[in-house]
Amino acid sequence: MVKPDSKPKQNSKPKAKKHYRPAGKKKEGNAAKYVTRSQAVKHLQVNLPLFRRLCILKGIFPREPKKKVKGNHHTYYHVKDISFLEREPLLEIFRDKRAHEKKVKKAEAKKNPDLAKRLRTRAPTYKLDRVIRERYPTFIDALRDLDDCLTMVHLFAALPALEREKIEVQRIHKCRRLSHEWQAYISRTHKLRKTFVSVKGIYYQAEVEGQKITWLTPHALQQVMPDDVDFNVMLNFLEVYETLLAFINYRLYHSINVKYPPILDPRLEALASDLYALSRYFDVNSRTSVVDPQVSSASGSEQVETQQKAGTASDESELRLAQLQHQLPSNEPGALMRLVEDDAGDDEEDDDTRECKKLFRNLKFFLSREVPRESLLFVIPAFGGVVSWEGEGAPFNEDDQTITHKIVDRPTLVRTSLSREYVQPQWVYDCVNARVILPTEDYMVGKIPPPHLSPFVDHESEGYVPEYAETIKRLQAAARKEVLPLPGVGNEDLEDPQKLLSEGIIDRAEASEAAERKRKMIFEQNRYLDELKMEVEGVQNSSTPSDNKQSSSKEAREESEPDLEQIVEDYANMSKTVMSRRKRKIYEAMQIGKQRKKAHVDLLKERKKKIQAAKESEEN
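Within each chain, residues carry numbers counting from 1 in the order of the written sequence. Residue-level local features of this predicted model are given only where pLDDT is at least 70; pairs of side-chain atoms are given and counted only at 80 or more, and the full residue set underlies all totals for whole chains, interfaces and linings. To obtain the side-chain values, all non-hydrogen atoms of the structure were included, while hydrogens and water were left out.

Novice: Looking at this model, I keep getting lost on the overall build of the protein chain. Mind explaining?
Specialist: When helices and strands are counted, the protein chain shows 28 helices and 9 strands. The buried label goes to any residue with under 20% of its type's maximum accessible area, the exposed label to any with over 50%, and the partly exposed label to all in between, with areas taken from a 1.4 Å probe on protein chains only. Across the 620 residues that make up the protein chain, the buried fraction comes to 35%. Surface exposure here means Shrake-Rupley accessible area, sampled with a 1.4 Å probe, where a residue is shielded only by the protein chains that are shown. Accessible area for the protein chain stands at about 40500 Å²; split by element, carbon and sulfur atoms hold 51% of it. We count a stretch as a helix when DSSP gives it H or I for four or more residues in a row; a strand needs E for two or more, and each element gets its number in order from the N terminus.

Printed below as a string of structure tokens:
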């Protein structure tokens, strides 16, 4: 009997012992990369509201580690983000402000109002210019993050001032000024692309330097302030967004040789006609830059000094305003809203800008008092139109004979004029989204307008194309002089050479060539389907081309469509069995999503049938 070898093998290595880290030593893994919010607050020695404010200003957000060491009920931050906050100069300023507030409270408690008043004038201040430059190294980065900024600024521009929520009047005025400056630039450069009126508000989409920017503006109604909203957090975000939008406006205005901040007519500002005042300011600056470029360059250097000095003297502003008003022609009311066209600027414009610039050209609008004036004053000039309104400060009155369209939103009219058309406000928005001048018959006063379709939805990908979308598509094709199939006729009927020949669209030679191409394509398609079916059934592909032709003709005669569906289903099942479990679950989820979309489309079609049946019954 052979004894087992008691010696260890030469290749075997001793098993390494498991490493146990003693308490208090250096951490590794997720425990070293992430900290909880309570740990971060304790490390920075600040309270929770101040920590939230610092994170909002610096753009630091919670993280989701793969393994949550402290549990799922904690909020985690990256250690590097907390170290950045630890060295932030704003942290020291906030600590100084807190200490200064304690001094003011102490002076008030000691009944020393003079000292308290003196201390309030010496409160520490700070600016977020450096923070904005750190967060957005390039101008494109700032434009990409502008959606929420514009939505927030437009929201606060429409809110009332409330002392209990710390919403001051000056902040609301600043938001209103910044929003109007942004809208004036978009309208001046014709960068607006889409607009949609919804229950929430009015959606806009503009394209600036290749970046699509979408924002939401509330309706011009009295806003209800909810009690369950933390306005302190929103005000912290607004503090960053105001500085960001001011930087962007400054850059955009100087890109078109316009001084920033603009100096507006105080009379128009008092009449709440800020957009019209900004358009006049653009018009004056454009004329000045075209007539005297040396003056324009000198004014640009002066503007930099004005931007650095926040407190400009009022008499200097009035003097410059008087000079601007003197240069503006007072006898041409239509020229006030028309923007100066520079040949060099036209060469740099893209096709969309040229198309939007010419949509409402040679059209003159007048707004009734019940329509959304600010929105239409923004949209109509952005597409090349001239607009006025009912009230003081308007560029022209309602009696002007050159008015082509009057926007009215009331059931009836007292008096009308034969030289103009009376339409509802929806007509303007639908024309903007379709990029064509739509017929005004469906938008007349007192009529129920067509459905207002969203330009942000791709109807073809959704699987259901509304009837009015088809109508708009045909109008667009007519404007581009394209040929589309008639309603109820498919594209295959449009491609039929016999029909095109009978309608006179093509000649006989082109029709014969098109018929031959179509015949060859049908033959190849039937041949491929035959081969596919034989391959599934296990039959050898040994047939000749003549046999394939006979089988294809026989297949065309029998029209065995259910067999093809069965073939596709068999292939899907075969591929599904080869998939892994994870991919199979993803595939099943995709199929469930498709079924839901199909059910939604079927529901819309059923509703459409019911509406058409109801209309037919009413007519009968």
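Novice: Would you take a moment to explain helix H5 (residues 89–109) for this structure?
Specialist: Three- or four-residue spacings in an α-helix give side chains the same orientation, since the helix completes a turn every 3.6 residues. Here the expected length of a helix is defined as 1.5 Å per residue gap, with one fewer gap than residues. Between its terminal C-alpha atoms H5 stretches 31 Å, which fits the 30 Å expected from 21 residues at 1.5 Å a residue. Among the residues of H5, those classed as buried are Leu-90, Leu-91, Phe-94, His-100, Val-104 and Ala-107.

Novice: What should I look at first to understand the pairing of strand E3 (residues 192–197) in this one?
Specialist: Sheet faces and side chains relate simply in a regular strand, where the side chains alternate between the two faces. In this sheet, strand E4 (residues 202–208) lies alongside E3 in antiparallel orientation, the contact comprising 5 bridges. Of the residues in E4, the one forming a bridge with Phe-196 is Tyr-203. Hairpin geometry of E3 and E4 is characterised by an intervening segment of 4 residues between the two adjacent antiparallel strands. Two strands are said to pair when DSSP picks up at least two bridges between them.

Novice: Got a minute to help me understand the state of the cysteines in this structure?
Specialist: Think of a disulfide as a covalent bridge from one cysteine sulfur atom to another cysteine sulfur atom. In this description, the term disulfide denotes a pair of cysteine sulfurs within 2.5 Å. If you walk through the whole model with that rule in mind, you get 0 disulfides. Looking at the unpaired Cys-175, the closest cysteine sulfur is the one in Cys-149, lying at 9.3 Å.

Novice: Would you mind showing me how to read the sheet that holds E3 here?
Specialist: The pairing of strands in a sheet happens through backbone hydrogen bonds and is either parallel or antiparallel. In space, the 3 strands of this open sheet follow the order E3-E4-E5, with antiparallel pairing throughout. Unpaired on one side and paired on the other, E3 and strand E5 (211–217) mark the two borders of the sheet. For this sheet the average axis-to-axis angle between neighbouring strands, irrespective of direction, equals 15°. Note on contacts: a residue pair qualifies if any of its non-hydrogen atoms lie within 4.5 Å across the two residues. Fitted lines through C-alpha atoms give the axes, limited to the stretch in contact for helices. The angle between two N-to-C directions lies from 0 to 180 degrees. Strands in contact with helix H19 (residues 373–382) are E3, E4 and E5; relative to E4, the strand with the most contacts, it is inclined by about 35°.

Novice: How should the packing of aromatic side chains be read in this particular structure?
Specialist: When we look at a pair of aromatic rings, we describe it by the centre distance and by the angle of the planes. Planes of paired rings set the category: under 30 degrees apart is stacked, over 60 is edge-to-face and the rest tilted, where pairs are Phe, Tyr or Trp rings (Trp by its six-membered ring) whose centres lie within 6.5 Å. Per the counting criterion, the structure on display carries 14 aromatic pairs. Ring centres 5.2 Å apart and planes at 70° place the aromatic pair Tyr-253 and Tyr-260 in the edge-to-face group. Stacked on the ring of Phe-139, the Lys or Arg Arg-251 has its end atom at 4.5 Å from the ring centre. Cation placement over rings: the criterion is NZ of Lys or CZ of Arg within 6 Å of the ring centroid and within 35° of the ring normal. Taking the ring centre of Phe-396 as reference, the NZ or CZ of Lys-364 above it sits at 4.4 Å.

Novice: What's the story with the pattern of salt bridges in this structure? I'm lost.
Specialist: Side-chain pairs of opposite charge can arise where the charged atoms are in close proximity. Here, a salt bridge means any Lys or Arg side-chain nitrogen found within 4 Å of an Asp or Glu carboxyl oxygen. The final tally for this structure, using the stated rule, is 21 salt bridges. Across the salt bridge formed by Lys-58 and Glu-88, the nearest N and O atoms sit 2.9 Å from each other. With Lys-58 in helix H3 (residues 48–58) and Glu-88 in the loop between helix H4 (79–86) and H5, this residue pair connects regions lying 30 residues apart in the sequence. What makes Glu-88 buried here is its relative accessible area of 4%. A single salt-bridge network, built from bridges that share partners, covers Lys-58, Glu-88, Arg-130 and Glu-134.

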